[in-house]
Amino acid sequence: MPKSVACLILYSDGKEQQSLLLDQATCEVTIGRALNNQLVLDAPEVSRYHARLVWEQNQYLITDLHSKTGTQVNKVRIAPGQALSLTDQDIISIGSFNLCFHNDLLTEDLESTEMILDPGATNVANNIGYQTIQLNDEPLSALRVTTPQDVHNFPLKGIVITVGRDPACDISIDLPIVSARHAQIQRTEEGYEIIDLDSANGLLYQGQRIKQKSLQNGDIFQIGPAVTLTFLVDPSVDIIPIVYDSVVKSLGDGIIVLDRQHRIMDVNPSGVRILNRQKSEIVGEAISALFINQPDLLEQYRLITNTSLLTKADTYKTLPIWTFDRDEHPHHYEMHLAALRDDYNRLAGYLVVLHDITRRQQAEIELLQAKNTAESYLRALRKELEIGTQIQKEFLPQDLPERKNWEFATCFRPARDVAGDFYDIFPLPGDCIGLVVGDVSDKGVGSSLFMALFRSLIRVFAEQSYLLALRTIASSDNLPQMSDSGFQAQLAELSYTAPLKAVSLANDYIVHNHSNANMFATLFFGVLDPETGLLTYINGGHEPPIILDHQQKIKARLAPSGAAVGFLPREKYEILNIQLQPGDIFLAYTDGVTEARSPNKAFFRESRLLDLLNEPVDSAASLLGRIESQVLAYIDTANQFDDITMLAVRWLAQASDSKR
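Residues numbered from 1 in each chain as written. Predicted model: local features only at pLDDT ≥ 70, side-chain atom pairs only at ≥ 80, totals over all residues. Heavy atoms only, no water.

With that settled, consider the overall build of the protein. What the protein contains, in helices and strands, is 11 helices and 40 strands. Buried residues in the protein amount to 45% of all 660 residues. Long-range pairs, those at least 24 residues apart, make up 55% of the contacts in the protein with a sequence separation of at least 6. Accessible area of the protein: about 34,500 Å², with a carbon and sulfur share of 51%. (Helix = DSSP H or I, 4+ residues; strand = E, 2+ residues; numbered from the N terminus. Buried < 20%, exposed > 50% of the residue type's maximum accessible area, 1.4 Å probe, protein only. Contact = heavy atoms within 4.5 Å. Areas by Shrake-Rupley, 256 points an atom, 1.4 Å probe, with all protein chains shown as cover.)

Counting buried residues in strand E25 (residues 227–232) gives 6 out of 6 residues, a clear majority hidden from the surface. The two faces of E25 match: Val227, Leu229 and Phe231 on one face and Thr228, Thr230 and Leu232 on the other face are all buried. As judged from the 5 bridges shared by strand E15 (residues 142–146) and E25, these two strands associate in the antiparallel manner. In the sheet register, Leu143 faces E25, and the bridge partner there is Phe231. Where strand E24 (residues 220–223) meets E25, 4 bridges bridge the pair, whose relative direction is antiparallel. Counted as the bridge partner of Phe221 is Leu229 from E25. (Pairing = 2+ DSSP bridges.)

So, about the packing of aromatic side chains. In the structure shown here, the tally under the stated rule is 11 aromatic pairs. The interplanar angle of 35° and the centroid separation of 5.2 Å between the aromatic rings of Tyr205 and Phe221 together place this pair among those described as tilted. Placement of the pair is Tyr205 in strand E21 (residues 203–205) and Phe221 in strand E24, with a sequence separation of 16 residues. The class of Tyr205 is buried, set by a relative accessible area of 17%. For Lys443, the ring lying beneath its charged end belongs to Phe641, and the centroid distance is 4.6 Å. Its guanidinium or amino end placed over the ring of Phe641, Arg597 lies 3.8 Å from that ring's centre, counting from NZ or CZ. (Phe/Tyr/Trp six-rings, centres within 6.5 Å; stacked < 30°, edge-to-face > 60°. Lys NZ or Arg CZ within 6 Å of the ring centre and 35° of its normal.)

A few words on the sheet that holds strand E33 (residues 432–440). An order of E32-E33-E34-E35-E38 is seen for the 5 strands of this open sheet, with the pairing classed as antiparallel. Only two strands of the sheet have a single neighbouring strand rather than two, namely strand E32 (421–428) and strand E38 (576–579). For this sheet, the mean angle separating the axes of adjacent strands, direction not counted, is 20°. Bridging between strand E35 (residues 534–540) and E38 involves 4 bridges; their strand directions are antiparallel. Its bridge partner lying in E38, Thr536 is registered against Asn577. (Axes fitted to C-alpha atoms, helices over the stretch in contact; angles between N-to-C directions.)

We now examine unusual backbone geometry. Within the chain, Lys75 stands out as a residue other than glycine whose phi angle is a positive 70°. Looking at Lys75, the relative accessible area reads 76%, which means it is exposed. Phi angles above zero are rare outside glycine, and Asn405 is one such case at about 70°. Mapping Asn405 onto the fold places it in the loop between helix H5 (358–395) and strand E31 (406–413). Note on Asn405: relative accessible area 27%, which makes it partly exposed.

Take the sheet that holds strand E17 (residues 160–164) next. The 5 strands lie next to each other as E18-E17-E19-E20-E23, forming an open sheet whose pairing is mixed. Among the strands making up the open sheet, the edge pair consists of strand E18 (171–172) and strand E23 (212–214). Of the pairings in the sheet, the one linking E17 to E18 comprises 2 bridges and is parallel in character. Looking at the pairing, Gly164 lines up with Ser172 of E18.

The full count for this structure, using the stated rule, is 14 salt bridges. Glu334 is paired through a salt bridge with Arg360; the nearest N and O atoms lie 2.6 Å apart. Residue Glu334 is found in strand E29 (residues 330–341), and its partner Arg360 is found in helix H5; the two are separated by 26 residues along the sequence. Accessibility expressed as a relative area gives 39% for Arg360, which makes it partly exposed. (Salt bridge = Lys/Arg side-chain N within 4 Å of Asp/Glu carboxyl O.)

Attention now moves to the nonpolar core. The biggest cluster of nonpolar side chains holds 51 residues, and the ones touching the most others in it are Leu435, Phe525 and Phe586. Counting residues per element, this core draws most heavily on helix H6 (residues 445–474), at 8 residues. For Phe586, the contacting residues outside a window of four places in its chain are Leu435, Phe524, Leu535, Pro545, Ile546, Ile547, Leu558, Leu647, Ala648 and Val649. (Core = buried A, V, L, I, M, F, W, Y, C linked by side-chain atoms within 4.5 Å.)

Positionally, Leu86 belongs in the loop between strand E9 (84–85) and strand E10 (91–94). Note: C-alpha distance between Leu86 and Gln59 (27 residues apart in sequence) is 7.5 Å. Those residues in contact with Leu86 that sit more than four places away from it in its chain are Leu53, Tyr60, Ile62, Val73, Ile92 and Phe101.

Of note, Leu143 is situated in strand E15. Relative accessible area serves as the criterion here: at 2%, Leu143 is assigned to the buried category. Counting along the chain gives 90 residues from Leu143 to Val233, while the straight-line C-alpha distance between them is 8.8 Å.

This brings us to the side chain of Thr522. Relative to the elements of secondary structure, Thr522 occurs in strand E34 (residues 521–529). A distance of 2.9 Å separates polar atoms of two side chains, one belonging to Thr522 and the other to His542. Setting aside anything within four residues of it in sequence, one finds Thr522 in contact with Val437, Gly438, Asp439, Gly540, Gly541, His542 and Ala564. (Polar contact = N/O pair within 3.5 Å; in protein donor to acceptor, adjacent residues only side chain to side chain.)

For the protein, mean pLDDT is 82; residues scoring 70 or higher make up 82% of the total. Across the protein, element-level confidence peaks in strand E39 (residues 585–589) with a mean pLDDT of 98 and bottoms out in strand E14 (residues 134–136) with 35. Contacts for the low-pLDDT stretch residues 110–139, under 50 throughout, to residues beyond four places or in other chains number 84 contacts. (pLDDT = per-residue confidence, 0-100.)

Looking now at the side chain of Asn268. When you line up the elements, Asn268 lands in the loop between strand E27 (264–267) and helix H2 (269–275). Exposure remark for Asn268: the relative accessible area of 5% places this residue in the buried category. At 3.1 Å, the side chain of Asn268 and the backbone oxygen of Asp253 are in polar contact. With sequence-adjacent residues up to four places away left out, Asn268 is seen in contact with Val248, Leu251, Asp253, Gly254 and Ile255.

Attention shifts here to helix H11 (residues 620–635). In this model H11 runs 23 Å from its N-terminal to its C-terminal C-alpha over 16 residues, within 8% of the 22 Å that 1.5 Å per residue would give. Of all the positions in H11, only Ala620, Leu623, Leu624, Arg626, Ile627, Val631, Tyr634 and Ile635 are classed as buried. The buried residues of H11 occupy one face: seen down the axis, they fall within an arc of 165°. In this fold, the buried residues of H11 make contact with E31, E39, helix H9 (591–594), helix H10 (606–612) and strand E40 (644–651). (Expected span 1.5 Å × (residues − 1). Arc of directions from axis to C-beta.)

The terminal C-alpha atoms of helix H8 (residues 501–514), which comprises 14 residues, lie 20 Å apart, in line with the 20 Å expected from a rise of 1.5 Å per residue. Listing the buried residues of H8 in full gives Ala502, Val503, Ala506, Asn507, Ile510 and Val511. Projected onto a plane normal to the axis of H8, the buried residues spread over an arc of 160° and lie on a single side.

Laid out in structure tokens, this is it:
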């Protein structure tokens, strides 16, 4: 009884050439000039891989494979790469060939030349002489997949063949080292190419990871150490023994094959060299001969092979072993031991791989020596840094001054072992107090050395400037005519302003003697008269200190009155002053406070600092404690980026009348 089928009827020059039955179960027909297509149209206007016909989603689809002359359906050229659904009696035109598609044709209506189109074979039509279609038995190309478990040849059918761990792939390799969709093999005009699909372990070709490569017969690709892909144009030739023999003989590692009684059956050239004996002397001997001088190792070997420690073919154990070469030099090896099993999972013998680790062990010894040397150096360096840290701490005031109705507090937290920040509180003539907060540029040991220099220069030049000014007054011709009140006024003025000349002197000294170091410091130097509350100061490019009144409101900011110290030659610094009142708080700080960084690199910022100043405090020390705790909480688990330094002064009660 006739049945309904789908088929293609091939015409050339208006004449019917062949009827091709289509099988939905296996229908994936490639059409082109190349001999490895399922339907070959041998004409120059036909591309090597011209079009593809497939059964998908309960319909037949035709796709032009980016051919040179195009594919037409009912005289309309279809877009390359886009599938078009075929309907009954559609005419597919490829060059001078026409294919009439029938979706529901009775078999009794077909010509006697009918055949079922076999996707695994090649069917040839030649428009010269109008030969009928014939089967070509040229073998398909194949991909040989070699794993620790087996070797299998996969014929390359279709335009795109996927390779991966996913069972839905055309070639499925169920190993963890293979990605779900690892690679694909794609048919091109010239043949085949392989493309890595952004896999985790990649494709290695000749030891290099590749993204895409045109395939040549015999190309070998690695996926990790366990999977080998070999492209074969003619897979009927079994090259595995040839490859294995070549690889084993060329390996630098020693390869020894043992039988179940642990006798040596075979050994490669590297194994002969390692054992320092003739191969004829080795084969047939028990492996225990390797352990004559190493009884502990022999015991470990027996323990491993006599238990279930080697239960699978892909399980191996490693043991240390040493031998002597022909020059009696000792060599150390890692001996990898694996069980060999037959197709029925029965123990067939053992594989021993001897890997020379002599150079590695020597390198490890040298590395350990270098590590010990480095650790010794680091311990010495750490000791030196500890000494430097202690010396730097001694540069800072050990005791804060005590004045009736005044509080002094400081906070100093270096970011490293030594710091570039510094502060100082020291007595000046006229019962005044010098207040200094500075921040040397850069960080580390260099900054710490210049911190000591800046601190010392300010102290020395402050006292020297006062004494020189006092000598000038004493030698003045007007001194005999000067009244006591006038003399006292000059002394008071001198005690405020003369020490501040230390800033200009320190600036010129640094610029003149250390300009090549490119080091400078932002610095605030104030002279406080505890009797009157007058604060006379110079701000050399430093963060403006804050004056808070008794209600914790910001009363003033002491802006810079000159550039950073040591930055510009002959810099002129303006001397300014501000009158403090009882209850006022003076707060100076370095940028390590406002530029403290959180774990996500965000700055603490000045706005957060100002918010902390709104709440009342019991003392100058409690104010600094509050700020420090909030900054450290903000830094959290991040590394402290910069030194944190603060100085606070609080006037507790009404002072006596002003001196002036």
